[in-house]
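Next come the chains, spelled out residue by residue.
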Amino acid sequence: MRRPIAVASSHSRRLLTSGVLLASQSLLLTLSAAPASADDARTPVRGTAYMGSGVLAHEGVQGRPADTRATQTEGVDVSSHQGNVAWPTLWSSGVKWAYTKATEGTSYRNPYYSQQYDGSYDVGMIRGAYHFAIPDGAGGAAQADYFVDHGGGWSKDGKTLPGVLDIEYNPYGDTCYGRTSSQMVGWIRAFLDRYEERTGRQAVIYTSTNWWKQCTGDYSGFGPTNPLWIARYASTVGPLPAGWDVHTMWQYTSSGPTVGDHDKFNGTLDRVKALANG
């Protein structure tokens, strides 16, 4: 004898459907709340790079230099990470020159640029601006134009240092921005040539020896014309990239007083003024 097939009531069917929907919604909420992958967490937002961020991440801290202020002049470099900077405090501590990040690529401008650039000038510092290079974006000439058009110019007033090309480890991806050594050298040359064309000054090159060797093949052609700002968090400057016998500036720490990034100019304050005057 066949047993009758049980038919669920409409009430039971509604309960079953509701349960399925609730379970699905719960799963969706769980997935949406899941943390980002490790790669996502490590990759900063475009525009947030700053001078030395890649150097610190790739090369670390190996020491601190001895105090030699008799022959070197203390400076700082700042970006949006520092916000509004206490320039009088820095001036009182002996800092006499400063660089402010102005631009990155062809789309980012430092929102604190005016307070930082003008504020350092107002307390008496000799100051300049720097551009964080993104060689896998627009060409070198286009980025030089963007830099000059948004704070990276130069004037012979005795208080304005030449612009700086910050060319270092890529914080957003491939270390050398997906470029061969010859392509990287070509990109740098295009930036430097356009900057000189626009301002009449040779830009300073900021880099680390290790990055320069890896990504330009230790190219030596810029040494005779462009001052070198070397990045190395150690007790000494260490070996320099090919083409330079001496450095002009040295970023020696990312954990200094008032603002983290502190630098030493390789000479007295008179030499800082000479660089500003061209």
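Before any of the text, the structure's been laid out above.
Fair warning: this is a prediction, and the values are worked out from it, not measured in the lab. (Residues numbered from 1 in each chain as written. Predicted model: local features only at pLDDT ≥ 70, side-chain atom pairs only at ≥ 80, totals over all residues. Heavy atoms only, no water.)

## Examining the packing of aromatic side chains
Part 1 of the argument: Tallying each qualifying case throughout the model produces 14 aromatic pairs.
Part 2 of the argument: Ring plane angle 80° and centroid distance 6.2 Å describe the contact between W97 and F265, whose orientation is recorded as edge-to-face. Of the two residues, W97 is situated in strand β2 (residues 97-104) and F265 in strand β9 (residues 262-265); the sequence distance between them amounts to 168 residues.
Part 3 of the argument: An aromatic cluster of three or more residues is present, and its members are W97, Y99, Y206, W229 and F265.
Part 4 of the argument: Looking at K159, its charged tip hangs above the ring of Y121, at a distance of 4.5 Å from the centre. (Phe/Tyr/Trp six-rings, centres within 6.5 Å; stacked < 30°, edge-to-face > 60°. Helix = DSSP H or I, 4+ residues; strand = E, 2+ residues; numbered from the N terminus. Lys NZ or Arg CZ within 6 Å of the ring centre and 35° of its normal.)

## Let's talk about the pattern of salt bridges
Part 1 of the argument: Considering all chains together, one arrives at six salt bridges under this definition.
Part 2 of the argument: Linking K101 and E104 is a salt bridge whose minimum nitrogen-to-oxygen distance equals 2.6 Å.
Part 3 of the argument: The partner of R194 in a salt bridge is D145, and the shortest N-O contact between them spans 2.5 Å. Of this pair, R194 sits in helix α7 (residues 181-199) while D145 sits in helix α6 (residues 140-149), and the two are 49 residues apart along the sequence.
Part 4 of the argument: Classification of D145 as buried rests on a relative accessible area of 18%.
Part 5 of the argument: Because the salt bridges share partners, they merge into one network encompassing D145, D149, R194, E197 and R198. (Salt bridge = Lys/Arg side-chain N within 4 Å of Asp/Glu carboxyl O. Buried < 20%, exposed > 50% of the residue type's maximum accessible area, 1.4 Å probe, protein only.)

## As for the side chain of T209
Part 1 of the argument: Mapping T209 onto the fold places it in helix α8 (residues 209-216).
Part 2 of the argument: Excluding its chain neighbours within four sequence positions, the residues that come into contact with T209 are I230, P239, L240 and P241. (Contact = heavy atoms within 4.5 Å.)

## A look at the nonpolar core
Note on soluble globular proteins: their nonpolar side chains tend to be buried together.
Part 1 of the argument: Ranked by internal contacts, the top residues of the largest apolar core, which has 37 residues, are I167 and I188.
Part 2 of the argument: Every element with two or more residues in this core is listed here: α5 (113-122), β4 (126-132), α6, α7, α8, β7 (228-231) and β8 (249-253).
Part 3 of the argument: Per element, the largest residue contribution to this core is seven residues, and it comes from α7.
Part 4 of the argument: Those residues within four positions of I188 in sequence are excluded, and the remaining contacts are L165, I167, W212, T216 and F222. (Core = buried A, V, L, I, M, F, W, Y, C linked by side-chain atoms within 4.5 Å.)

## Looking at unusual backbone geometry
Part 1 of the argument: With a phi close to 60°, Y177 is a non-glycine residue in the positive phi region.
Part 2 of the argument: As for its placement among the helices and strands, Y177 is situated in the loop between β5 (164-166) and α7.
Part 3 of the argument: Its identity as a non-glycine residue notwithstanding, T258 has a phi of 70°, on the positive side.
Part 4 of the argument: By the secondary structure assignment, T258 is in the loop between β8 and β9.

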